[in-house]
Each structure stands twice: as structure tokens, then as C-alpha cells.
Amino acid sequence: MDDAVPRTSARGRVALAGCVLALLGLVLVTLLQASAGVGSSVHWLLALVTPFVLQLTVACGVLALALLLLREWELLVVTLVLLAYNGQRIRTALTPRLEPDAEHAHRADEEPIRLLLANVNTANRGWDRVLALVEEEDPDVIALLEVSDAWLEGLAPLSQTHPLRAAEPRGDNFGIALWSRLEPGTAEVLHHAEAQHGTADLPAIRATFDLGSGRPVTLIACHPVPPIGRRLTAARNEQLAWLTTLAAQASPRAILAGDLNGTPWCLEPHLTWHLQDARATAGAGLATTWPARLPDPFRIPIDHVLHARNVTCTSLRVGPRIGSDHLPLIADLATVGTEPWSPARKR
């Protein structure tokens, strides 16, 4: 007996109508995302659509199965085209693009440094979870976002193991802090003094570690505003452009880490042109981080570790829940050069 639903039956006609409406919706969303590929200058609402390519791809796959059961071949072909297009966008975002400078050769025996990146959520009080995660993962550098005075007090024990610190706590969601045990090193809080969209007071942190052999590495930690509304979208894009400038000045050994409020396929082109997503170089897949309460297929990857061409990521993992709406990232990073990388550490 044929399990397919005949299109001539009432149930079949209803199913077909639903599939047609779903297909029209998927076509519309895909076109909107394609229009937003040049950034959010078309309309700020597009910035809210572009992060959900993974969910759109899954929806195309489910619709394709439904059309296969209905034997609607023409509609199935259109759906498969959408599925292939969106799948290719994900594949492109996860494909390494940058190669090290020609005169440099990768040293497999280099010891990487470990970075722990986490948006802790200002309202969260789970600093004990963060301290437990630090003890378990043993990171060399810790970059935390949405840090308040209460968080700094709760994380005071970190100063015993990671003496280098830069921080600007805030009562809103844009406080930031960094701890490091790499020596020698410097860390400073930066502000975009020339910002035109009301974000001049929002902090970022720039830390530089002298790892010997004349090969300093610069880490920039940041948390741009979310693209909600015309003004905030323009402010986020302005912040990303500023971060691109900071990273370019620190090239070719720059690392940019933070909650960028954008997914790999909708970040500003200039940012992704100069920097490589660690997801791609580490082969880590999508490594989705937000919202933490949802299972993997329903989260999106808005927390990032990006690096310049003479840095590589050997491992990138999503950490456990820490009470925040974001999941942390743990990245192992190494330089790509002709001299061994042996950072001095405090154990």
C-alpha cells in the first residue's frame, strides 16, 4: 500500500497548501538573507534574519521530505535548490580561507595557549561555576563579557593564578574583564573615542603577550551591541569596523575573541576578510553557543574566536552551562612560525 498522501484527497490538498506556503516563506527568508549579505545597510531588520541560516537549512530539509512524500517533484526541486544554497553558505563559513605567510612553516611541536571565552550574563551569579570551569580547563587566558562589580568580587581567586588583569565592570551588559598568566604581557581597556552612534563609552580589551623570538601575539576581547533597531545595528557595524582596524594593526598575529552578536555568515566582510574563524581552522563544526538552554540544532554561533593568518587554532570546544544564556568557548591557539612557541606560564 502506498504511504504517500494523494494530492487529490482533502488531506493531501491541505498538506500541499501548507507546503506551498512554507516554501514561499523559505524563499522569502532566503532572499532577505541574500540581500543582507552586504551588511545591514539595506534595512536593520535584515540583521535579525541573517543569523538563522542553520535553522533555515534544517527547515528546507524537512520540507523536502514532505514534498517527497507528496510526490511534488517541481516543488521538491525548488526546495532542494534552497537547501543546497543555504548548506553551501554554512560550508563556506566553516572552510579555512587564510594561509600563513609563505616564509612561515607550521611547527607541530609548539605548545598552544588555551583561551577561555565566556559571556557570563550580568544577572547571573554563577561565578562558582566559572571558577570550577577554570580549574578543570586550566586556561592561560580568560576573557569574560558582561562582567559587573559583583562578578569581579566573585572571581577574586583568579588573581592568585592569573595575575595580569584588565577590567571595566559595568551594571549593564557590556562590562568586560581579562585575566592572564602569560609572562611578560600587557593589557589595557580601550574605547572607540570616535564612535558616532553612542557607543564611545563601551569597552574592549587589548592584551599583548611577548612569547619570545620577536613574535608578540595580540588578543582583543570585545562585546559589540546587538543589532536591534536601526541605531544599534549601525552601532554594532561601527564597532566591528573599529575592531577590524585594531586587528589589522596587530597583524599578522592577532586574535579577536568575543560575543560579536553575529554568526559566521553575517559578520562584516572586512572582519572575516582579515581574520579566520577558529571553527574552520579547528574543524569544530558550528560550535553553537546561544541561547544556552536550547539543544544544539536550535542554537546559533554568535560567540567567536577569530585569528589572523599567522595564528592557528588546534582545538575549539563548547564548554558546559555556567548559568548564563551563553555557553563558553575553549580554544587552543598557536602561532605559525619558524621558531618554537614556548610561553612562560605560572602553574
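Residues numbered from 1 in each chain as written. Predicted model: local features only at pLDDT ≥ 70, side-chain atom pairs only at ≥ 80, totals over all residues. Heavy atoms only, no water.

S.K.: Any chance you could break down helix α5 (residues 127–137) for me, citing the residues and the numbers?
M.R.: Those residues of α5 not exposed but buried are Trp 127, Val 130, Leu 133, Val 134 and Glu 137. One side of α5 carries all its buried residues, which in axial view fall inside an arc of 115°. In this structure, α5 carries Asp 128, Glu 135 and Glu 136 as exposed residues pointing more than 90 degrees from its buried face. At its buried positions, α5 is contacted by β1 (113–119), β2 (141–145), α6 (149–154), α7 (158–161), β11 (311–318) and β12 (329–335). Asp 138 sits one or two residues past α5 and shows a positive phi near 55°. (Buried < 20%, exposed > 50% of the residue type's maximum accessible area, 1.4 Å probe, protein only. Helix = DSSP H or I, 4+ residues; strand = E, 2+ residues; numbered from the N terminus. Arc of directions from axis to C-beta. Contact = heavy atoms within 4.5 Å.)

S.K.: Now, about the side chain of Thr 122: what can you tell me, with residues and values included?
M.R.: Within the element layout of this structure, Thr 122 appears in the loop between β1 and α5. Once residues lying within four places of it in the same chain are set aside, the contact partners of Thr 122 are Glu 146, Ser 148, Trp 151, Arg 170, Gly 171, Asp 172 and Asn 173.

S.K.: Account for the pairing of strand β4 (residues 176–180), with residues named and values stated.
M.R.: Counting buried positions along β4 gives 5 out of 5 residues, so the element sits mostly inside the fold. With burial as the criterion, each face of β4 is covered, one bearing Ile 176, Leu 178 and Ser 180 and the other bearing Ala 177 and Trp 179. Where β2 lies against β4, 5 bridges are found, and the strand directions are antiparallel. Paired with Val 141 across the bridge in β4 is Ser 180. Direction of pairing for strand β3 (residues 164–168) relative to β4: antiparallel, over a ladder of 5 bridges. Each residue of the ladder has a partner; that of Ala 166, found in β4, is Leu 178. (Pairing = 2+ DSSP bridges.)

S.K.: I'd like a rundown of the packing of aromatic side chains, residues and numbers included.
M.R.: Evaluation of the coordinates by the stated rule reveals 1 aromatic pair. Taking the centre distance of 5.3 Å and the plane angle of 90° together, the rings of Trp 127 and Trp 151 count as edge-to-face. Taken together, the positions of Trp 127 in helix α5 and Trp 151 in helix α6 put the pair 24 residues apart, joining distant regions of the chain. As far as the burial class goes, Trp 127 and Trp 151 line up, both buried. (Phe/Tyr/Trp six-rings, centres within 6.5 Å; stacked < 30°, edge-to-face > 60°.)

S.K.: Lay out the confidence of the model for the protein chain in plain terms, naming residues and giving numbers.
M.R.: When the pLDDT values of the protein chain are averaged, the result is 83; 83% of them are 70 or greater. Segment residues 101–109 is flagged for pLDDT under 50; beyond a separation of four residues in sequence, or across chains, it makes 17 contacts in the model. Confidence over residues 338–347 falls short of pLDDT 50; this stretch has 39 contacts with residues more than four positions distant or in other chains. (pLDDT = per-residue confidence, 0-100.)

S.K.: Please provide a residue-by-residue account of unusual backbone geometry, values included.
M.R.: In this model, Trp 290 is joined to Pro 291 through a cis peptide bond whose omega is -5°. Looking at the element boundaries, Pro 291 is found in the loop between α10 (278–282) and β10 (303–307). Of note in the backbone geometry, Arg 71 takes a positive phi value of approximately 60° without being a glycine. If you trace the backbone, Arg 71 turns up in the loop between α3 (53–70) and α4 (73–93). Arg 71 gets classed as partly exposed once you look at its relative accessible area, which sits at 46%. A positive phi angle, close to 50°, is found at Asn 261, a residue other than glycine. Tracing the sequence through the fold places Asn 261 in the loop between β8 (254–259) and α9 (269–274). Judged by its relative accessible area of 15%, Asn 261 falls in the buried class.

S.K.: Tell me about the pattern of salt bridges, and name the residues and values.
M.R.: All told, the structure shown has 11 salt bridges when counted by the stated rule. Among the salt bridges present, the one from Arg 170 reaches Asp 172, with a minimum N-O distance of 2.7 Å. Judged by its relative accessible area of 16%, Arg 170 is buried. In this structure, a network of salt bridges that share partners links the residues Arg 114, Glu 137, Arg 317 and Asp 332. (Salt bridge = Lys/Arg side-chain N within 4 Å of Asp/Glu carboxyl O.)

S.K.: Explain the sheet that holds strand β6 (residues 203–209) to me, using residue names and the numbers behind them.
M.R.: The 6 strands lie next to each other as β5-β6-β7-β8-β10-β9, forming an open sheet whose pairing is mixed. A single partner strand is all that each edge strand has here, and the edge strands are β5 (185–191) and β9 (276–277). Here 5 bridges tie β6 to strand β7 (residues 217–222), and the two strands are oriented antiparallel to one another. What sits directly across from Ile 205, in β7, is Ala 221.

S.K.: Please give an account of the side chain of Arg 279 that cites residues and values.
M.R.: Examined against the element boundaries, Arg 279 turns out to sit in helix α10. Within the structure, Arg 279 has its side chain in polar contact with the side chain of His 304 (distance 3.2 Å). The contacts of Arg 279, once residues within four sequence positions are left out, are Leu 94, Pro 264, Ala 284, Gly 285, Leu 286, Ala 287, Thr 289, Pro 301, Asp 303, His 304, Leu 316 and Leu 329. (Polar contact = N/O pair within 3.5 Å; in protein donor to acceptor, adjacent residues only side chain to side chain.)

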